[in-house]
Protein chains: 2
Amino acid sequence: MADSLDAVRKCLRDFPKEARELYLNETVPYLDQPPSPLEFYREWIGPNKPCIIRNAFSHWPALHKWSPPYFRQVVGSKMISVAVTPNGYADAVLGDRFIMPEERHMTFSSLLDIMEQKEEGQGKLPDAVNFWLGEASAVTSMHKDHYENLYCVISGEKQFILIPPSDRPFIPYELFQPATYHQREDGTFEMVDEVYAEKVPWIPVDPLRPDVERYPQYQLAQPLHCTVRAGEMLYLPSLWFHHVRQSHGCIAVNFWYDMEFDIKYSYFQLLESLSGTVGGL
Amino acid sequence: MADSLDAVRKCLRDFPKEARELYLNETVPYLDQPPSPLEFYREWIGPNKPCIIRNAFSHWPALHKWSPPYFRQVVGSKMISVAVTPNGYADAVLGDRFIMPEERHMTFSSLLDIMEQKEEGQGKLPDAVNFWLGEASAVTSMHKDHYENLYCVISGEKQFILIPPSDRPFIPYELFQPATYHQREDGTFEMVDEVYAEKVPWIPVDPLRPDVERYPQYQLAQPLHCTVRAGEMLYLPSLWFHHVRQSHGCIAVNFWYDMEFDIKYSYFQLLESLSGTVGGL
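The following refers to the structure shown. (Residues numbered from 1 in each chain as written. Chains lettered and ligands numbered in written order. Predicted model: local features only at pLDDT ≥ 70, side-chain atom pairs only at ≥ 80, totals over all residues. Heavy atoms only, no water.)

## So, the relation of the copies chain B and chain A
Applied cut-off: We superpose the copies by least squares over the C-alpha atoms of residues that have a pLDDT of at least 70 in both of them. Here, residues are in contact when the closest pair of their heavy atoms is within 4.5 Å.
For the pair chain B and chain A, the relating rotation is 180°, the translation along its axis is 0.0 Å, and the fit reaches an RMSD of 0.0 Å. Considering both components of the superposition, the chain copies are consistent with a two-fold axis. Residues of chain B ranked by C-alpha distance from the rotation axis are headed by B:Leu38, positioned 2.5 Å from it. A symmetric contact is evident, with 100% of the interface residues of chain B recurring at the interface of chain A.

Here it is as structure tokens:
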């Protein structure tokens, strides 16, 4: 019985390497022009491979119009919802907590005031708006989405760390108590447990400083690093793990498309359940 | 340890059901017109789902020209290679042998003579020619190919039994000694072992008469049955198991396209190695 289980572990350990040798690139390739819809589907979406596309939205007025003074003039009085944290980590693991930002409502101008004074605070609008404005300290912790993601950088740059879904056996997940930041009157932050919320499964590894003693299997993962600059569009395929940093005041727009819940999704679910079943590799 | 292995078995047992509920159809759907290349990729090849397409090759002269008298007139003197067996099963399991046909060279006219006299013998030209002419008794035993397959029936009809790749955990494989038929002078057949050839892994189940006592897990597979008639084209996705029968003298042309060796292929390989690892489900 132990032998069979070892054989299963070996399958799960060998699979990411074989997938990498078979079809993955060692870096994220650049396309100088947007591909045709058929090419894009056949070469990138179907095979679930990331790429960075240049000259895909050179016609957008946003590329030369959007800036803090422009937003202040055009939408400065608009009330928006801002995710506020003391350290830039929103929806992330801190100790034994899954910590969520304080959601604060303010005008767009107030957010720009905060960012220009470089005070604490990050702008992260809700996913549905697909508009991103963030401080240098704002970090998106490693996670995956059920979306095909087209990520267009308008100004500044974003740094992505990408890990393919086939590396799932090497990615640890743990359950965390949800908590939310609240800023006190003196400006300091406290964490308040969401006592009635269910525990959240999240990835406890920080790819910038991985704790390899605690998560040795993570050393077998092979992250790709790429920088997406103003005017470039990243195709971030569904179910790829990603961690995102940015330059101060970086402006970006992203498009989420529902992934196909097809054979690839089914296979990933199998990999996920097997990875959770056999314990350490 | 036994519990973990049971959990792995449960994953493999549940996966085909979940895949079926998520994205598979219960029958093979018909399209009344050929889809655009993008639609075809997005709706069928990408998701790895079969369909039958009507009116895809209505402009082929073959549809009204091709018949035994026409072939006799136009290519009757051409030497061809014919696969000859006593029972119609070529490349199939018989007892503890993997039995291959006798390859015989004759003119096309001689093949037509044999078929018209309904004597023993089947016409199965090599894969590369993509031309199929067979007797009612000629059966292709259950197997899978690494190709995207477009199968056009010119006259007569073909009956397919299809099983999705996600049912792989329920499909038994065994190793068989290769052997070849040789017809003796008195017309009877003998099997001659290919003593230097390696054993061949093949599926020992006949989907028309499955031996469920010996292969109980096969009862969990859910085969799809479909009939492809003259003028219709089956898209048979890569890695789908298939078993094929035909009407007497059925003429067909098929196109094999190399499959993408991408994430789907990698996942299938994982499923294959896991299915071989944990033994009976």
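## Section: the interface of chain B and chain A
Selection rule: Throughout, the accessible surface (probe 1.4 Å) given up by two parts as they are put together, summed over both, is called the buried area. For this analysis, a polar contact is any N or O atom pair within 3.5 Å, provided that within protein one partner can donate a hydrogen and the other can accept it, and provided that sequence-adjacent residues contribute only side-chain to side-chain pairs. By the criteria applied, helices consist of DSSP H or I runs no shorter than four residues and strands consist of E runs no shorter than two, each listed in order from the N terminus.
Counting residues at the interface gives 35 residues for chain B, matched by 36 residues for chain A. Taking both sides of the interface into account, the surface hidden between chain B and chain A amounts to around 3,400 Å²; carbon and sulfur atoms contribute 80%. Among the residues of chain B in contact with chain A, B:Tyr41, B:Ile263 and B:Tyr267 are the three that bury the most area, contributing 19% of the side total. Inspection of the chain B/chain A interface yields zero residue pairs in polar contact (both at pLDDT 80 or more). For the side of chain B that touches chain A, the secondary-structure elements that each account for two or more residues are helix 1 (2–23), helix 2 (37–45) and helix 6 (263–277) of chain B.

## Quick look at the side chain of B:Ser109
All names here are of chain B. Rules: Accessible area is worked out with a 1.4 Å probe on protein chains only. A residue is then buried under 20% of its type maximum, exposed over 50%, and partly exposed in between.
Among the structural elements, Ser-109 can be located in helix 5 (residues 108–116). Since its relative accessible area comes to 17%, Ser-109 is described here as buried. Each residue touching Ser-109, except ones within four places of it in the same chain, is listed here: Arg-72 and Gly-76.

## A few points about the packing of aromatic side chains
Where we set the bar: Between 30 and 60 degrees the pair is tilted, below 30 it is stacked and above 60 it is edge-to-face, where a pair is any two Phe, Tyr or Trp rings, Trp via its six-membered ring, whose centres lie within 6.5 Å.
In total, this model carries 28 aromatic pairs over all chains according to the counting rule given. Chaining the aromatic ring pairs together yields one cluster made of A:Phe15, A:Tyr267, B:Phe15 and B:Tyr267.

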